[in-house]
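Commentary on secondary and tertiary structure
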Amino acid sequence: MVSWNGREIKEMALKDAKAGIRNEAGIAAALGILKQSFGERFQTGQSFREQHAHTTTYIPPQLPDGVLFAESAEDVKTAVRVCAAHRVPVIGFGTGSSLEGQVNAANGGISIDFSRMNRVLEVNPEDLDCTVEPGITREALNIYLRDTGLFFPIDPGANASIGGMASTRASGTNAVRYGTMKDNVLAVTAVTANGEEIRTARRARKSSAGYDLTRLFVGAEGTLGILTSVTLRLQAIPQKIAGGVCAFPSIKAACDAVIMTIQMGIPVARIELLDAVQMRACNAYSGLSYAESPTLFLEFHGTDETVPLQSAAFGEIAAECGGGEFLWTVNAEERTKLWKARHDAYWSARALAPGLAALSTDVCVPISRLADCVSQTQADIEAHGLLGPIVGHAGDGNFHVLLLFDDKSAEDIAVAESFVQRLNRRALDMDGTCTGEHGIGQGKMAFLEQELGGTVDLMRQVKQALDPDGIFNPGKIFHHG
């Protein structure tokens, strides 16, 4: 136990995401019924189960007992009814790109794989919205939408599924202009604990009708029900897009430029911060020759007239803040190369030390505190002899550390986990959050308690009301029951 802000908090290491109590008799009964109902679409082989446990970080994988490849909402309803009758856990699975153990089967149970529920159900170009099944990925959706002149703007980096993005309230590089998933989901349909499918809202752009259940399910990490469709807000593909890069002498100088850009109302679409270590990694991995100093990657969306004005305005701000020349282009091939380097940041950072494990963690603070939080985090990394490149969605105060360490060394694991604890406390002390977009899952449950205190008890009451037997993704966000 440690004391923090006057409260006694139990620190839980990521490696302590322990398995819960298994309902062996119920699981055995459900496996038999589901195999009889779905045949080859229900698999219990070791390799299938391993593919549906969490392996993105060093959180130990916890395998489900079976995997259902659902093809329709009716399949999901059937599976949930069987599992509810036998009190067997149900875990939704999109692409498995979540970072905090969200798809682990902590208590065993059934994984519902949505890769075959990947259809676009409806596109309404005049209303700028669409409805999709949860298994479609964001890249596949945007390829489908291309001929309509519309696109879905949320870009978390990974080619994640829309259902997974909704469940973790994902955001990413475009959030500074287009918002996060909570701003871009108009409605969902979800299968609840009684096996019935509900719809949380209509397609209207606003409503005052009752509780906002849409946003209750968005970010719930599959703990309140299983999503079967998502209705999304779309955007028009910009007439002109410019991308650029600018180096700065310090993190503070780069963050000052970000704050001035936001305060002046320049409609930047992306504004990403990479520290010097991450720039060194990007240069080596992607064959680039950028300055190895704190750097902002930017993108502007607009018209032939507005994009050059926005780019020039940022160039003036950068110069005022001591930055180097702002190099920008509207050439699509050059922009793609620039942003590929940003999207490959994870792999380029891993390449700095190929033999080490990686722990990806994020926090978010008010942008006025971003420079302080990043600078203090860099000092922490250096003081403890760690290797941890930093990238950030600077426009909304969110940044990530990819900590590289030896996961076979108990000492290294302890040092890494201590760093994560300090990082989260640092963000909370600045009135920030322990996660801007990764979610809580298993890895950040202790920090949620630190962040919200007794409010978590209210979350437990909501969970108890909607899922009294705790079948939906148990062992995530908080301990239930």
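Cut-offs and rules
- Residues numbered from 1 in each chain as written.
- Predicted model: local features only at pLDDT ≥ 70, side-chain atom pairs only at ≥ 80, totals over all residues.
- Heavy atoms only, no water.
- UniProt positions renumbered as here; feature names shortened; annotations may be inferred.
- Phe/Tyr/Trp six-rings, centres within 6.5 Å; stacked < 30°, edge-to-face > 60°.
- Helix = DSSP H or I, 4+ residues; strand = E, 2+ residues; numbered from the N terminus.
- Buried < 20%, exposed > 50% of the residue type's maximum accessible area, 1.4 Å probe, protein only.
- Lys NZ or Arg CZ within 6 Å of the ring centre and 35° of its normal.
- Pairing = 2+ DSSP bridges.
- Axes fitted to C-alpha atoms, helices over the stretch in contact; angles between N-to-C directions.
- Contact = heavy atoms within 4.5 Å.
- Core = buried A, V, L, I, M, F, W, Y, C linked by side-chain atoms within 4.5 Å.
- Salt bridge = Lys/Arg side-chain N within 4 Å of Asp/Glu carboxyl O.

In the nomenclature of an unreviewed UniProt entry, the protein chain corresponds to D-lactate dehydrogenase (cytochrome) from the organism Rhizobium binae. Listed in UniProt under the heading Sequence similarities (unreviewed entry), the comment for the protein chain reads: "Belongs to the FAD-binding oxidoreductase/transferase type 4 family." Per UniProt, the protein chain has the following entry under Cofactor (unreviewed entry): "FAD".

1. Quick look at the packing of aromatic side chains
All told, the structure shown has seven aromatic pairs when counted by the stated rule. Pairing Phe-151 with Tyr-178 gives two aromatic rings, centres 5.8 Å apart and planes at 90°, and the pair type is edge-to-face. One end of the pair, Phe-151, is in strand 9 (residues 150-151); the other, Tyr-178, is in helix 6 (residues 175-178), and 27 residues separate them in sequence. A residue is classified by how much of its surface remains accessible, and Phe-151, at 13% relative accessible area, is buried. For Tyr-178, a relative accessible area of 11% corresponds to the buried category. Taking 5.9 Å as the distance between ring centres and 75° as the angle between the ring planes, the aromatic pair formed by Tyr-290 and Phe-297 counts as edge-to-face. Its relative accessible area of 26% is what places Tyr-290 among the partly exposed residues. Here the aromatic cluster, defined as three or more aromatic residues joined through ring pairs, consists of Tyr-290, Phe-297 and Trp-339. Over the face of the ring belonging to Trp-339 we find Arg-270, whose NZ or CZ atom lies 4.5 Å from the ring centre.

2. Some thoughts on the sheet that holds strand 11 (residues 197-199)
If you trace the five strands from one edge of the open sheet to the other, you get 7-8-12-10-11, paired in antiparallel fashion. The open sheet terminates on both sides in strands that have one partner only, identified here as strand 7 (120-124) and strand 11. Taking each pair of neighbouring strands and ignoring which way they run, the sheet shows an average axis angle of 15°. Where strand 10 (residues 185-191) lies against strand 11, three bridges are found, and the strand directions are antiparallel. Bridged to Val-191 within strand 11 is Glu-197. Packing of helix 3 (residues 73-86) onto the sheet brings it into contact with strand 10, strand 11 and strand 12 (226-233), and relative to strand 12 it is tilted by some 145°. Those strands touched by helix 4 (residues 138-145) are strand 7, strand 8 (129-132) and strand 12, and its axis lies near 50° from that of strand 7.

3. With respect to the nonpolar core
Ranked by size, the top nonpolar core spans 54 residues in total, and within it Phe-248, Leu-296, Leu-298, Phe-300, Phe-314, Phe-399 and Phe-419 carry the most contacts. Apart from the residues lying within four places of it in its own chain, the contact partners of Leu-298 are Ala-242, Gly-243, Gly-244, Val-268, Arg-270, Ile-271, Phe-314, Phe-326 and Trp-339. Formed by 26 residues, the second largest nonpolar core is a distinct cluster that contains Cys-130, Ala-166, Ala-170 and Met-181.

4. Re unusual backbone geometry
Here the phi dihedral of Leu-128 falls at roughly 55°; this positive angle occurs in a residue that is not glycine. Mapped onto the fold, Leu-128 is located in the loop between strand 7 and strand 8. Positive phi is not limited to glycine here, since Asp-431 has a value of about 65°. Considering the arrangement of structural elements, one finds Asp-431 in the loop between helix 15 (410-429) and helix 16 (445-452).

5. So, the UniProt feature "domain: FAD-binding PCMH-type" (unreviewed entry) in the protein chain
If you check UniProt for "domain: FAD-binding PCMH-type" (unreviewed entry), the listed places come out as residues 60-237 in our numbering. Here residues 60-237 is 23% helix and 24% strand, with 41 Å between the C-alpha atoms at its ends.

6. Brief notes about the pattern of salt bridges
Enumeration over the complete set of coordinates arrives at 30 salt bridges. One salt bridge in this structure joins Arg-87 and Asp-469, with 3.5 Å as the shortest N-O distance. One end of the pair, Arg-87, is in the loop between helix 3 and strand 5 (90-93); the other, Asp-469, is in the segment after helix 17 (455-466), with 382 residues separating them in the sequence. The class of Arg-87 is exposed, set by a relative accessible area of 54%. The class for Asp-469 is partly exposed, based on a relative accessible area of 39%. Put simply, Arg-335 and Glu-299 hold a salt bridge, and the shortest N to O gap is 3.9 Å. In this pair, Arg-335 is assigned in helix 12 (residues 332-343) and Glu-299 in strand 16 (residues 295-302), connecting sequence segments 36 residues apart. Glu-299 sits in the buried class, given a relative accessible area of 3%.

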